[in-house]
2 protein chains.
Amino acid sequence: MTSTDVPTPTSAMTKAVLDEADLPTHWYNLAADLPAPMPPHLHPGTGEPLAAGDMAPLFPAALIEQEMTGERFVPIPEPVREVYRLWRPSPLYRAHRLERALGTPARIYYKYEGVSPVGSHKPNTAVAQAYYNAAEGVRRLTTETGAGQWGSALSFASALFGLECEVWQVRASYDSKPYRRMLMETFGGVVHASPSELTAAGRGFLERFPGTTGSLGMAVSEAVESAAPDPEARYALGSVLNHVLLHQTVIGEEALRQLEVFGETAVDVVFGCAGGGSNLAGLSFPFLREKLAGRTDTRVVAVEPAACPSLTQGRYEYDHGDVAGLTPLMKMHTLGRDFVPEAIHAGGLRYHGMAPMVSHGVDLGLITARAVEQREAFDAGLLFARTEGLVPAPESCHAVAGAVAEARRRADTGEAGVLVVGLSGNGQLDLPAYAEHLTGARTPATGDQPF
Amino acid sequence: MTSTDVPTPTSAMTKAVLDEADLPTHWYNLAADLPAPMPPHLHPGTGEPLAAGDMAPLFPAALIEQEMTGERFVPIPEPVREVYRLWRPSPLYRAHRLERALGTPARIYYKYEGVSPVGSHKPNTAVAQAYYNAAEGVRRLTTETGAGQWGSALSFASALFGLECEVWQVRASYDSKPYRRMLMETFGGVVHASPSELTAAGRGFLERFPGTTGSLGMAVSEAVESAAPDPEARYALGSVLNHVLLHQTVIGEEALRQLEVFGETAVDVVFGCAGGGSNLAGLSFPFLREKLAGRTDTRVVAVEPAACPSLTQGRYEYDHGDVAGLTPLMKMHTLGRDFVPEAIHAGGLRYHGMAPMVSHGVDLGLITARAVEQREAFDAGLLFARTEGLVPAPESCHAVAGAVAEARRRADTGEAGVLVVGLSGNGQLDLPAYAEHLTGARTPATGDQPF
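Reading the values: the criteria
- Residues numbered from 1 in each chain as written.
- Chains lettered and ligands numbered in written order.
- Predicted model: local features only at pLDDT ≥ 70, side-chain atom pairs only at ≥ 80, totals over all residues.
- Heavy atoms only, no water.
- Salt bridge = Lys/Arg side-chain N within 4 Å of Asp/Glu carboxyl O.
- Helix = DSSP H or I, 4+ residues; strand = E, 2+ residues; numbered from the N terminus.
- Buried < 20%, exposed > 50% of the residue type's maximum accessible area, 1.4 Å probe, protein only.
- Axes fitted to C-alpha atoms, helices over the stretch in contact; angles between N-to-C directions.
- Parallel < 35°, antiparallel > 145°, perpendicular 65-115°, else oblique.
- Left-handed = near helix turned anticlockwise from the far one by under 90°.
- Contact = heavy atoms within 4.5 Å.
- Nonpolar A, V, L, I, M, F, W, Y, C, P; charged D, E, K, R; others polar.
- 1 Å grid on protein atoms, 1.4 Å probe; cavity = no way out; pocket = protein on both sides within 12 Å on 5 of 7 lines; lining within 4 Å.
- Points joined across faces, edges and corners; volume = space filled by probe spheres on them.
- Buried area = accessible area lost by both parts, 1.4 Å probe.
- Polar contact = N/O pair within 3.5 Å; in protein donor to acceptor, adjacent residues only side chain to side chain.
- Phe/Tyr/Trp six-rings, centres within 6.5 Å; stacked < 30°, edge-to-face > 60°.
- Lys NZ or Arg CZ within 6 Å of the ring centre and 35° of its normal.
- Expected span 1.5 Å × (residues − 1).
- Least-squares fit on C-alpha atoms with pLDDT ≥ 70 in both.
- Domains from an automatic or database assignment.
- UniProt positions renumbered as here; feature names shortened; annotations may be inferred.
- Pairing = 2+ DSSP bridges.

A. Molecular detail of the pattern of salt bridges. Residue and element names in this part refer to chain A. Evaluated as defined, the whole model comprises 56 salt bridges over all chains. As a salt-bridge pair, Glu 254 and Lys 111 come within 2.7 Å of each other at their nearest N and O atoms. Taken together, the positions of Glu 254 in helix α11 (residues 250–261) and Lys 111 in strand β5 (residues 107–112) put the pair 143 residues apart, joining distant regions of the chain. A relative accessible area of 1% means that Lys 111 is categorised as buried.

B. Representation of the packing of helix α5 (residues 149–160) of chain A against helix α7 (residues 178–186) of chain A. All names here are of chain A. With their axes 8 Å apart at the nearest point, α5 and α7 run at an angle of 10° to one another. When the interaxial angle is binned, α5 and α7 end up roughly parallel. Pair α5 / α7 crosses with left-handed handedness. Between α5 and α7, the contacting residues are Gln 149, Gly 151, Ser 152 and Ser 155 on the first element and Arg 180, Leu 183 and Met 184 on the second. Of the residues in the contact of α5 with α7, the class split is 2 nonpolar, 4 polar and 1 charged.

C. How the structure looks around the layout of surface pockets. All names here are of chain A. If you add up the space inside the largest pocket, you get close to 1000 Å³. Gly 217, Val 220, Gly 321, Asp 322 and Val 323 are, among the 45 residues lining the largest pocket, the residues nearest its centre. Looking at the lining of the largest pocket, the elements that each hand over two or more residues are α8 (200–208) and α9 (216–227). The greatest single-element share of the lining of the largest pocket, amounting to 5 residues, is contributed by α9. When grouped by side-chain class, the residues that make up the lining of the largest pocket number 28 nonpolar, 11 polar and 6 charged.

D. Spotlight on the interface of chain A and chain B. Taken residue by residue, the interface counts 63 residues in chain A and 64 residues in chain B. Between chain A and chain B, roughly 5500 Å² of surface is buried when both sides are summed, and carbon and sulfur atoms account for 58% of that area. Applying the counting criterion to the chain A and chain B interface returns 6 salt bridges. Residues Lys 15 of chain A and Glu 20 of chain B are paired through a salt bridge, measuring 3.4 Å at the closest nitrogen-oxygen approach. Where chain A touches chain B, the interface holds 16 residue pairs in polar contact (both at pLDDT 80 or more). Elements represented by at least two residues in the side of chain A that touches chain B include exactly α2 (78–84), α3 (96–102), α4 (123–135), α5, α7, α15 (374–388) and α17 (431–439) of chain A. When grouped by side-chain class, the residues that make up the side of chain A that touches chain B number 39 nonpolar, 12 polar and 12 charged.

E. Structural context of the packing of aromatic side chains. Here the structure, examined in full by the defined rule, presents 25 aromatic pairs over all chains. Centre to centre, the rings of Trp 27 of chain B and Tyr 132 of chain B are 6.5 Å apart; their planes meet at 55°, and the pair counts as tilted. Taken together, the positions of Trp 27 of chain B in strand β2 (residues 26–28) and Tyr 132 of chain B in helix α4 (residues 123–135) put the pair 105 residues apart, joining distant regions of the chain. Each member of the pair, Trp 27 of chain B as well as Tyr 132 of chain B, is classed as buried. Arg 181 of chain A extends its terminal NZ or CZ atom over the ring of Tyr 174 of chain A, reaching a point 4.6 Å from the ring centre.

F. How the structure looks around α11 of chain A. Residues and elements named next belong to chain A. Between its terminal C-alpha atoms α11 stretches 17 Å, which fits the 16 Å expected from 12 residues at 1.5 Å a residue. Burial of α11 is extensive: 9 of the 12 residues sit out of reach of the surface. Of the residues making up α11, those classed as buried are Val 250, Ile 251, Gly 252, Glu 253, Glu 254, Ala 255, Leu 256, Gln 258 and Leu 259. At the C-terminal side of α11, Gly 263 shows a positive phi close to 85°.

G. Region of interest: the relation of the copies chain A and chain B. Placing chain A over chain B gives an RMSD of 0.0 Å and needs a rotation angle of 180°, together with 0.0 Å of translation along the axis. One copy is carried onto the other by what is essentially a two-fold rotation axis. In this assembly the copies share their binding face: 100% of the residues contributing to the interface of chain A also contribute to that of chain B.

H. Looking closely at the domain arrangement of chain A. Residue and element names in this part refer to chain A. What the domain assignment reports for chain A is domain 1 (52–65 + 122–235) and domain 2 (84–119 + 242–439). When each unit is reduced to the centre of its C-alpha atoms, the spacing between domain 1 and domain 2 is 25 Å. Domain 1 puts 21 residues into the contact, and the matching count from domain 2 is 21 residues. At the junction of domain 1 with domain 2, the criterion picks out 1 salt bridge. For the salt bridge of Asp 430 with Arg 180, the shortest nitrogen-to-oxygen distance reads 3.1 Å. At the surface where domain 1 touches domain 2, the tally comes to 6 residue pairs in polar contact (both at pLDDT 80 or more). At the level of elements, α4, α5, α7 and α9 are the ones that each hand at least two residues to the side of domain 1 that touches domain 2.

I. Here's a closer look at the UniProt feature "domain: Tryptophan synthase beta chain-like PALP" (unreviewed entry) in chain A. Within this numbering scheme, the UniProt entry marks residues 86–425 of chain A as carrying the feature "domain: Tryptophan synthase beta chain-like PALP" (unreviewed entry). Along residues 86–425 of chain A the backbone is 44% helical and 19% strand, and the end-to-end C-alpha distance reaches 16 Å.

J. Representation of the sheet that holds strand β8 (residues 190–194) of chain B in the model. Residue and element names in this part refer to chain B. Spatially, the 4 strands line up as an open sheet ordered β8-β7-β6-β9, and their pairing is parallel. Looking along the sheet, the strands with just one partner apiece sit at the ends: β8 and β9 (233–235). Between one strand and the next, the sheet's axes are offset by a mean angle of 25°, whatever the strand orientation. Sheet topology note: the strand β6 (residues 140–145)/β9 ladder contains 3 bridges and is parallel.

If you want it as structure tokens, here you go:
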């Protein structure tokens, strides 16, 4: 290298960081603007539309109301905003170096949720859920987790609102991926390997499947069984449901304002990875509001793993959210609740179904979907790490891959324009996945589970 | 919990995030303002003051000049500032929840360097060093690393400036702590377990100490041997030297401005953890400038581990920076270069010596030192994680412990005032240390090594 090879400085802005006074005051509810109403959730026993009371043993009243609301904007309580300020507004970056590496005329931006205390977008809803539960007198939250992204987010949020947090973690992950378990415990969470001896469901699974390393469906059953009969306990879910998607819309609201700071008024494509759907929804729904109002013509692309292609290969029909069939029936794109995806590294994307509101958006033509192979995702993630300096979570690599492919296409056609990528989390605790990709080894990540 | 127990919202600001236009334009050199001149480094062979040419085989001319400069402010090159913008200015937080938990009238602020791509302050100098090397035509950087904080920072910086980066990592860490090695490799760094067969020094160590798991001193010898005879290679060091401390002063420059945003004009005490000294220096030297100019009366407290108490128990004398005695002689607080600290988790603080400029500051009475036990440090870190939501690196826990003790004292006396804590990194890749603290187990972390 000679001295002339040193990258030329640019005076262009790298990131837009809003002042915390600019933190959104409301969550946005896409249901209010959809051209066709959302198909209702159905009672698993009667097949009739679900009533608020049906969910009362599991969720606090405020969250049930949000699950069913038709209001366009829902105010964010001040104690939730106070916690959000620990890492929000999160930065929106212009990917100058990635653009140069791709030789693309497109302008690429990424919204980075990895600055949260647990390194992903999950706390956006965990904090809200912990707050509403605490405000209604709940003392204990239960949940399930696979790799531990969701469990660590809820443990963090519970610590701040004085709640106990009890997490059933799929045994395969509990044993093989200890870092996120340690993170949950550092925040005071109590973590059980599932199936456990602590619940009737768990004991039943252990008897029926001796030596099982568990599954997310089993862990759901245990967490639900632990919470339902206890008046001081409630259950919490980290994706899929309407109220979870609602809480994530702070991502997109901030991104819209930050793009204005960059002087961008027209976004061509928004790319988000899609597992349960909450990250994609959080980023894209505010962009869809602008599109539905006729102010923009933004396309939204859901990028899912080829190994778990619910949007590109699944059927749009009523299905249960869990393997055991205990949850309400929800109309969604599903591979069937018995579908067991390959053990890819993007554990957060290994879900048989898709958030009903995302599915509805796909059905209405507001969102398109693309499936990418794991190798393509990690190739994009590596390129991103070596140009932008941030190591994307394996889930986020899918969104990056979608944008990289589009940016390359535009390098060929000369088409400029604006691409926005949802970088939902960082990969600091997923480094073995990168190491495996680099060495080309093919050790199945059997412990990976969604959420 | 009843609904009245839910934390009361405050309208007070949580963090100050400067716009990237406010990124410092200059590094600050404390040497220019010290009331007595710095004792010079000495040639290890002749014992005479070191000349610039003596360092030329190891460092580029620009860094040698910075090592010896008396200029008060050194301009930050625009390509370095461009990379800094990926995470800088880093946020300064008001620790509202920690203050409430301690019941202290003191106002506690923390400057958080964990937002960098590798999660610590190390890239502040790695980026500068990579830039100057690339600008002078160097193609390959070599360095040593223990736990991997420094090696991953230099790998990241090298990736962005098109340099090869070759890291000799102490074998004990290489084998037992794979995550930071994977991070180095994700950025394209080449990592060797040290001692290696690749150098004469390494082969000699393997012959003399069969089965050794290495030491930082051995790894230094290998990295230096690899770079010195190669005209296209240079060696890089992550702490101790004057130019490294210089690069870290962006931390304190930003903190001073951010405290103004909070309306604070008088800081009582600045707490930083001290290993090699670069993090402490980076935060505190700009505060010392203000003190030496008579504008403030801030105290600076270096918090070191009781297991490696160079400032509180060492002697202030000339010593080598490495175990083998290959480096120049530097006047510093030292436990003796043969001192082997206990295997504490704060690997970044396990160094026998202390940066000469920090040592000089202690000698002049500008900096005071305190040693804390590992248990006290992790107790403080856990309290911090469960109140502020961020998990501090084990090194940073020492600074937190210093501030917590002072804040508790002020809870007793009723004394208010302002405490500033250097949160030099996050503990995402150090979670096993927290797990061990929580369980009370005492598995020596034999792999930990400074840098």
